[in-house]
Amino acid sequence: MIEISKRLQTIGDMVKKGSIVADIGSDHAYLPTYLVQKRIALRCIAGEVNYGPWQAAVRQVQAAGLTDKIDVRLGDGLAVVALGEVDTICIAGMGGSLIASILEAGAEKLFGVSQLLLQPNVAAPIVRRWLLEHGFQLSREKILEEDGIIYEILEAVPGDPILPYRNRDKKLEDLLEIGPYLWEEKSPVLRKKLVQEQEKLKAVQHQLQYAKSPEAEHKKREVQKKLAWMEEMIACMQMDRE
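Reading guide: rules and limits
- Residues numbered from 1 in each chain as written.
- Predicted model: local features only at pLDDT ≥ 70, side-chain atom pairs only at ≥ 80, totals over all residues.
- Heavy atoms only, no water.
- Phe/Tyr/Trp six-rings, centres within 6.5 Å; stacked < 30°, edge-to-face > 60°.
- Lys NZ or Arg CZ within 6 Å of the ring centre and 35° of its normal.
- Pairing = 2+ DSSP bridges.
- Helix = DSSP H or I, 4+ residues; strand = E, 2+ residues; numbered from the N terminus.
- Right-handed = clockwise from strand over helix to strand, strands pointing away.
- Expected span 1.5 Å × (residues − 1).
- Buried < 20%, exposed > 50% of the residue type's maximum accessible area, 1.4 Å probe, protein only.
- Arc of directions from axis to C-beta.
- Contact = heavy atoms within 4.5 Å.
- Axes fitted to C-alpha atoms, helices over the stretch in contact; angles between N-to-C directions.
- Parallel < 35°, antiparallel > 145°, perpendicular 65-115°, else oblique.
- Left-handed = near helix turned anticlockwise from the far one by under 90°.
- Nonpolar A, V, L, I, M, F, W, Y, C, P; charged D, E, K, R; others polar.

Draft legend 1. Quick look at the packing of aromatic side chains. Evaluation of the coordinates by the stated rule reveals 1 aromatic pair. Its guanidinium or amino end placed over the ring of Tyr 181, Arg 168 lies 5.4 Å from that ring's centre, counting from NZ or CZ. For the cation-ring pair, Lys 186 lies above Trp 183, with the distance from its terminal atom to the ring centre recorded as 4.2 Å.

Written out as C-alpha cells, the structure reads:
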C-alpha cells in the first residue's frame, strides 16, 4: 500500500466510494494509486500537463501494477477528460487562480460531475467565488497543517451555490474570504492561518511606511483595511472560545 501525505490522504478520504476520479495535476499519481488501492475509486485518470511528471506518474502506476485501473494522460487541465467520463474531479496543490482557470477552461466537462475536491495552496477565496458563480454548492471544507504548511480543502457539488452562505453571522464577502464551514468550526489551525497572514501584512505595512507615491498610498489603505478585518475575525474567534 502506498504511503501518501496527510494532505493527499485527507483529500482521498473525502472521495465518494465507488467513484471514477480524475486527478488533474497528478504529479506522481500518488492520489489515484491511493484511491484504487484503498478501493475508494473504481478507476482513475491521472492528468499531467508536463512530460516529466507524466512520465513519473506512468512509472508509479506501472510499479503499483495498476495500469488496468489508472489511465495516465498527458494534457492541459480538463482536456484529458471526456464529457461524462468521471464522477469526481480533484485539483490539488496549485494556486487558487490556476484552479479557477482550469475549471473555467473546462467548464463543459463538469456536466455530470457530482463532486469537486479542490485544494488551493493560496487564494482559496478565488475558488469559492468561482464555485458560487458557476452553480456549484460548497458542501464541506477542511483545514489542516502538515510540515508547517496550512492547507484548505474545498468540496463542492451541484446544488444551490448560495446555501452555505445563508443565515450566517458574517457577510458573504467575509465568508468567501474565510470559508463558511471553516468559520463555523473556528479551529485552532484557522486561527493560526489568520495570525500568520496578519504578520505578513504587518511586514508589508512596515515596508510601505515611507513610500509616498499614489500607488503606495492606495496600497497602504488596502493593507490597513485587510489588517482591520483580520483583527476583527481573530477577536471573534477568541470571544467564541471564551
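Once you've had a look at it, read on.
Draft legend 2. Structural context of the pairing of strand S3 (residues 70-74). In terms of strand pairing, strand S2 (residues 41-48) meets S3 through 5 bridges, oriented parallel. Bridged to Ile 45 within S3 is Asp 71. With respect to chirality, the unit in which S2 leads through helix H3 (residues 51-64) into the neighbouring parallel S3 is right-handed.

Draft legend 3. Structural view of H3. In a regular helix each residue adds 1.5 Å, so 14 residues correspond to 20 Å; H3 covers 20 Å between its end C-alpha atoms and thus fits that length. Those residues of H3 lying buried are Ala 56, Ala 57, Gln 60 and Val 61. The buried residues of H3 all sit within an arc of 135° when viewed along its axis, so they share a single face. When the buried face of H3 is taken as reference, the exposed residues oriented beyond 90 degrees from it are Gln 62 and Ala 63. Those residues of H3 hidden inside the fold are in contact with helix H2 (30-37) and S3. Positive phi shows up at Gly 65, right after H3, with a value of about 70°.

Draft legend 4. Quick look at the packing of helix H4 (residues 96-105) against helix H5 (residues 124-133). Interaxial distance between H4 and H5 falls to 7 Å at its minimum, and their mutual angle equals 25°. One way to sum up the angle between H4 and H5 is to call them roughly parallel. The chirality of how H4 crosses H5 is right-handed. Contacts from Gly 96, Ser 97, Ile 99, Ala 100, Leu 103 and Glu 104 of H4 reach H5 at Ile 126, Val 127 and Trp 130. Among the residues making up the contact of H4 with H5, the classes are represented as 6 nonpolar, 2 polar and 1 charged.

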